[in-house]
Amino acid sequence: MAFLRFLSPLLLLPIATHAQDLSHTIQTEMPTLVDTYKDLHEHPELSHHEERTSAILAKALRDAGYTVTDHIGKYPDGTQAFGVVAILKNGPGPTLLVRGDMDALPIVEETGLPYASHVMTETASGQATGVMHACGHDIHTTVLIGVARAMVAAKSQWHGTLMLIGQPSEETIDGAKAMLADHLYERFGRPDKIIGLHDTNTIAAGKVGVLSGPAMASSTSIDVVIHGIGGHGAYPQLGRDPVTLAALFITQIQTIVSREQDPQDPAVVTVGDIHGGTKRNIIPDQVKLELTTRAFSDKARQTTITALRQMAAGITTSAGLPPEKAATVTVLEDESTPVQLNDPALTASVQATLVKALGADNVILSGGKVMGSEDVGVFGLEHQQIPVVYFRLGAMDPHKLAAAEAAGKELPGMHTSRFEPLPQPTIQTGVTAMSAVAISLLQ
């Protein structure tokens, strides 16, 4: 036993040396990674339009020594997506998929950062909007590049196949489905495990969070069209105003969560977009509402959909409209995603590795499931055939976060115009954490 105690520090030397070598590699890459991040942040692209971003990612992965294929993904309308697949084979062993997403949001940035986005564009409906990486996908893409380089430098520490995925269109939650529809696994092989990360405004940069089981809600996209009878604004009695009917509908559906759902089974209904009318003195023929609903169970999801349809029918009846003018409720299955489940066994393994790589004080266990949604779980196929773990990456300035928490406030979060990750420590922690997890799983 004394002999073993004497040897044990020596046995740990190769592990410590490997960790130091990996840390040095990542530290060396940080200046170029931060520059890449700032460039991506300044030039965001909306879902289905990630041409420049995917080209930057594909080039970086090719330069790192990966076999890269781009323009992967087929949308239901037949258009090609901008997905990127990079493969690095390192002898026999398991296949690990590491996923990062690339798209931005239709938001005018108000951070005031020197590398803030000033990109303007039009939405599919023709509405002028700014474009901003308000969800941190620029962080995710940059981390993916850093992981690619770190894993090449650490090839002596792992074996198997590393599959890096640059996913388009996460914000419209149809990017993962598009890549699978383009025969992702048939063309590049089916992974044994899947990992990914998402930055957050609730954890300080330098730390990560991991939660086992249901971590993020399902998301269902729904279009509602409220029909009416158009006419002159001066003679409303001659028509049926769909704007007024839409307002009644929006007010009414707020009771779905408060009165239709089980209070212990959370759900959310949000109307995020309204389109109706062309001129202030014209009563339009219809108003279109774009909704998103969130839930953690199929029962809660279906309760929401059923209630929306019943309330739409009620609006039609109360307005005395003929059957051909009935309000319609359309569930967009191609823009919907299931509950994101972190496989318990894989989560335990990932958690242990994160603690070793970052220190126990920098790994937050749990943190609670959130109503936000993700389509990373789609890569796991139906019924979680492939285990997935998606952990959270702290992205906030620790001093600002502490001050906000002391004041009982929250720093601007995802999908807001002032979301501001702290680049260097966030990216470095992301690359360190993901590389350590990838190495541990490729054994």
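From a predicted model like this one, the values you see are computed outputs, not experimental measurements.

Cut-offs applied
- Residues numbered from 1 in each chain as written.
- Predicted model: local features only at pLDDT ≥ 70, side-chain atom pairs only at ≥ 80, totals over all residues.
- Heavy atoms only, no water.
- Helix = DSSP H or I, 4+ residues; strand = E, 2+ residues; numbered from the N terminus.
- Rg over C-alpha atoms; globule rule 2.2 N^0.38 Å.
- Buried < 20%, exposed > 50% of the residue type's maximum accessible area, 1.4 Å probe, protein only.
- Contact = heavy atoms within 4.5 Å.
- Areas by Shrake-Rupley, 256 points an atom, 1.4 Å probe, with all protein chains shown as cover.
- Phe/Tyr/Trp six-rings, centres within 6.5 Å; stacked < 30°, edge-to-face > 60°.
- Lys NZ or Arg CZ within 6 Å of the ring centre and 35° of its normal.
- Pairing = 2+ DSSP bridges.
- Axes fitted to C-alpha atoms, helices over the stretch in contact; angles between N-to-C directions.
- Left-handed = near helix turned anticlockwise from the far one by under 90°.

## Section: the overall build of the protein
Logical step 1: Secondary structure assignment for the protein yields eleven helices and 18 strands.
Logical step 2: A compact globule built from 443 residues would reach a C-alpha radius of gyration of about 22 Å, and the protein, at 24 Å, matches this within 12%.
Logical step 3: For the protein, the spread of C-alpha atoms along the principal axes amounts to about 95 × 50 × 40 Å.
Logical step 4: Across the 443 residues that make up the protein, the buried fraction comes to 50%.
Logical step 5: Across the protein, every contact between residues at least 6 apart in sequence was considered, and the portion connecting residues at least 24 apart equals 82%.
Logical step 6: Of the roughly 20000 Å² of accessible surface on the protein, a fraction of 56% belongs to carbon and sulfur atoms.

## Concerning the packing of aromatic side chains
Logical step 1: Inspection of the entire model under this criterion finds one aromatic pair.
Logical step 2: A centroid spacing of 6.0 Å and a plane angle of 70° characterise the contact between Y37 and Y115, whose relative ring orientation is edge-to-face. Placement of Y37 in helix α1 (residues 2-42) and of Y115 in the loop between β3 (95-101) and β4 (120-122) is noted, with a sequence separation of 78 residues between them.
Logical step 3: Judged by relative accessible area, Y115 falls into the buried class, the value being 10%.
Logical step 4: Here the guanidinium or amino end of K369 rests over the ring plane of F296, the centre of that ring lying 4.4 Å away.

## Details of the environment of L33
Logical step 1: Relative to the helices and strands, L33 is located in helix α1.
Logical step 2: You can call L33 buried: its relative accessible area is 1%.
Logical step 3: As a C-alpha pair, L33 and P423 span 390 residues in sequence and 9.3 Å in three-dimensional space.
Logical step 4: Residues within four places of L33 in sequence aside, it is in contact with T142, I145, G146, R149, I427 and V431.

## Focus on the environment of D361
Logical step 1: Mapped onto the elements of the fold, D361 is located in the loop between α9 (344-358) and β17 (363-365).
Logical step 2: Relative accessible area serves as the criterion here: at 69%, D361 is assigned to the exposed category.
Logical step 3: For D361 and A204, which are 157 residues apart along the polypeptide, the C-alpha to C-alpha distance reads 12 Å.

## Thoughts on the sheet that holds β3
Across a sheet, paired strands are connected by hydrogen bonds in the backbone, their directions being either parallel or antiparallel.
Logical step 1: Taken in spatial order, the eight strands make up an open sheet running β1-β2-β6-β3-β7-β18-β8-β17, and their pairing is mixed. What marks the edges here is a single partner per strand, and that holds for β1 (67-74) and β17. When strand polarity is set aside, the average angle formed by the axes of neighbouring strands in this sheet is 25°.
Logical step 2: Examined bridge by bridge, strand β7 (residues 193-204) and strand β18 (residues 388-396) share eight bridges and lie parallel to one another. Following the sheet pairing, T200 is matched in β18 by G394.
Logical step 3: Each of β2 (80-90), β3, β6 (160-167), β7 and β18 touches helix α3 (residues 137-153); the most contacted strand, β3, lies at about 150° to it.
Logical step 4: Running over the sheet, helix α11 (residues 423-441) touches β3, β7, β8 (208-210) and β18 and is turned about 155° from β7.

## A few points about the sheet that holds strand β12 (residues 267-276)
Logical step 1: Taken in spatial order, the four strands of this open sheet run β12-β14-β10-β15, and their pairing is antiparallel. The open sheet has two edge strands, β12 and β15 (328-337), and neither has a second partner. Direction aside, the axes of adjacent strands within the sheet are offset by 20° on average.
Logical step 2: Where β12 lies against strand β14 (residues 286-295), nine bridges are found, and the strand directions are antiparallel. Directly across from D273, in β14, lies its bridge partner E290.
Logical step 3: Packing of helix α8 (residues 298-318) onto the sheet brings it into contact with β10 (218-227), β12, β14 and β15, and relative to β15 it is tilted by some 155°.

## Some remarks on the packing of helix α6 (residues 242-253) against α8
Logical step 1: Where α6 contacts α8, the axes come no closer than 10 Å and their chain directions differ by 145°. Seen from above, α6 lies across α8 with right-handed handedness. Contact with α6, carried on its side by L245, L248, F249, Q252 and I253, involves L308, M311, A312 and I315 of α8 and no other residues of that element.

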